[in-house]
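# Examining the three-dimensional arrangement
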Amino acid sequence: MSIEHTDKPGKMAVAVGMSGGIDSAVTAWLLKEQGHDVIGLTMSIWDPKLPFTAAKQSACYGPGEAEDIASAKETAAHLGIAHHTISLVEDYEHGVLDEFRRQHLAGLTPNPCALCNPKMKFGFLLSRAREQGLRFGRFATGHYARIVRDQASGRARLLRGVDATKDQSYFLARLTQSQLAESMFPLGDKTKREVRELALRAGLGRLAEKRESQDFFEGEDISVLFGGTGTQPGPIVDAAGNVLGQHRGIIRYTVGQRDGLGIAVGRKVYVKEIRAETNTLVVADREGVFTDRCRVTDMRWIAGHPPNADTGVAVRLRYRHAGVAARFETLPGGSLDIRFESPQFAVTPGQMAVLYDGDEVLGGGWIESAGSEPDSRGTHG
């Protein structure tokens, strides 16, 4: 099969999604060094009307956004490129936060980054920028992932980044062929150490010490985003239905959680299930939170179609999950029944399951339920 890297095209106009951090800054610098006509784009998504008490936060969504935008502008000025801030507050509210709230209230644990990338960063950011008259042929980000193109078919393929400790292909698994076709990930073949060295060479050393964004929303009680809903106390029960205590609202818990349960039963117990319909947490010992399969809905295949079901795959069940060998069966309606080679701990409804063939990302869908008898509770729309 004839393959060429799409991260190394001829000279063109490239917009770079700039977060204010080191990775996107080095991405912009590399592309300018290669002779491309580069501009910087930064999303503005934080709603200042939200109540909060924390100071500066290192998160992709939070009240520290103004500092991140200022950092991106400073970097663009240093590199001698234009920078544009694109306001997407309402788009983010309806495209990400509404779904984030809905899933939490349904007893799921949503993944905001997996929701945001196809809708916002690779979607509304680009369309709104073009509506404002900005012209560019490619969009580049600082993700640690790779894109290659099959010359025969023209199909874009998404691969893991070479730095296994920073690989971010998981978060990109629901991008479409059209989105991948105009995307560039210049850091995909580099390690974080190499990126830090490049930052120093580019005169961007100040960013090397900047704390990286660690989460969607840090330093606040998540209930700030819910206006008080989802915080009603309810029972914590064991598998037999015995009441062991009370929880503080289902939005504050996730499958596999042990700390913060506020109960003393003489042994370690973990959240096994969140039953939103009865406002109940079910807990079990560690062994009781393992499962050998899950059901996945709304699967998006990067190739546009699934591989042969007899093909063995590896599936990652959350970002930091190492992956497990698995096989899948396509069910009526397109859902997948995925069976793991070995039982996995805390398979969490609402998270994304991403299937791989070696380094190649096949696609991603939402974990609907875990266990031997998947049900339809919490199906994603």
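So, a few notes on the structure that sits alongside this text. (Residues numbered from 1 in each chain as written. Predicted model: local features only at pLDDT ≥ 70, side-chain atom pairs only at ≥ 80, totals over all residues. Heavy atoms only, no water.)

### Things to note about helix 6 (residues 192-201)
Of all the positions in helix 6, only Lys192, Val195, Leu198 and Ala199 are classed as buried. Along the axis of helix 6, the buried residues cluster in a sector spanning 115 degrees; they form a single face. Set apart from the buried face of helix 6 by more than 90 degrees, the exposed residues are Arg193, Leu200 and Arg201. Where helix 6 is buried, its residues touch helix 1 (22-33) and helix 7 (205-208). Of the residues trailing helix 6, glycine 203 is marked for its positive phi of about 75 degrees. (Buried < 20%, exposed > 50% of the residue type's maximum accessible area, 1.4 Å probe, protein only. Helix = DSSP H or I, 4+ residues; strand = E, 2+ residues; numbered from the N terminus. Arc of directions from axis to C-beta. Contact = heavy atoms within 4.5 Å.)

### Examining the pairing of strand 3 (residues 37-44)
Burial analysis of strand 3 places seven of its eight residues in the buried class, the great majority of the element. Note that strand 2 (residues 13-17) and strand 3 share five bridges and pair parallel. In the strand pairing of strand 3, alanine 15 is matched with isoleucine 39. The β-α-β motif built from strand 2, the intervening helix 1 and the parallel element strand 3 has right-handed crossover chirality. Sheet topology places strand 3 next to strand 4 (residues 82-87); six bridges connect them, and they run parallel. By the bridge assignment, methionine 43 is partnered in strand 4 with isoleucine 86. (Pairing = 2+ DSSP bridges. Right-handed = clockwise from strand over helix to strand, strands pointing away.)

### Re the packing of aromatic side chains
Any aromatic ring pair is given by two values, namely how distant the centres are and how the planes are angled relative to each other. Summed over the entire model, instances satisfying the criterion amount to eleven aromatic pairs. Aromatic side chains phenylalanine 122 and phenylalanine 185 sit 6.2 Å apart centroid to centroid with 80 degrees between the ring planes, which places their arrangement in the edge-to-face category. Linking phenylalanine 122 in helix 4 (residues 112-131) with phenylalanine 185 in the loop between strand 8 (183-184) and helix 6, this pair joins segments that are 63 residues apart in sequence. You'll find phenylalanine 122 and phenylalanine 185 in the same group, each marked buried. Ring centres of phenylalanine 171 and tyrosine 319 lie 4.5 Å apart, and the angle between their planes is 45 degrees; this geometry places the pair in the tilted category. With a gap of 148 residues between them, phenylalanine 171 in the loop between strand 7 (156-160) and helix 5 (177-181) and tyrosine 319 in the loop between strand 14 (313-316) and strand 15 (324-330) connect regions that are remote in the sequence. Of the two residues, phenylalanine 171 and tyrosine 319, both sit in the buried class. Connected via pairs of aromatic rings, a cluster forms that spans Trp46, Tyr61 and Tyr92. Sitting above the plane of the tyrosine 356 ring, arginine 160 keeps its charged end 4.0 Å from the centroid. (Phe/Tyr/Trp six-rings, centres within 6.5 Å; stacked < 30°, edge-to-face > 60°. Lys NZ or Arg CZ within 6 Å of the ring centre and 35° of its normal.)

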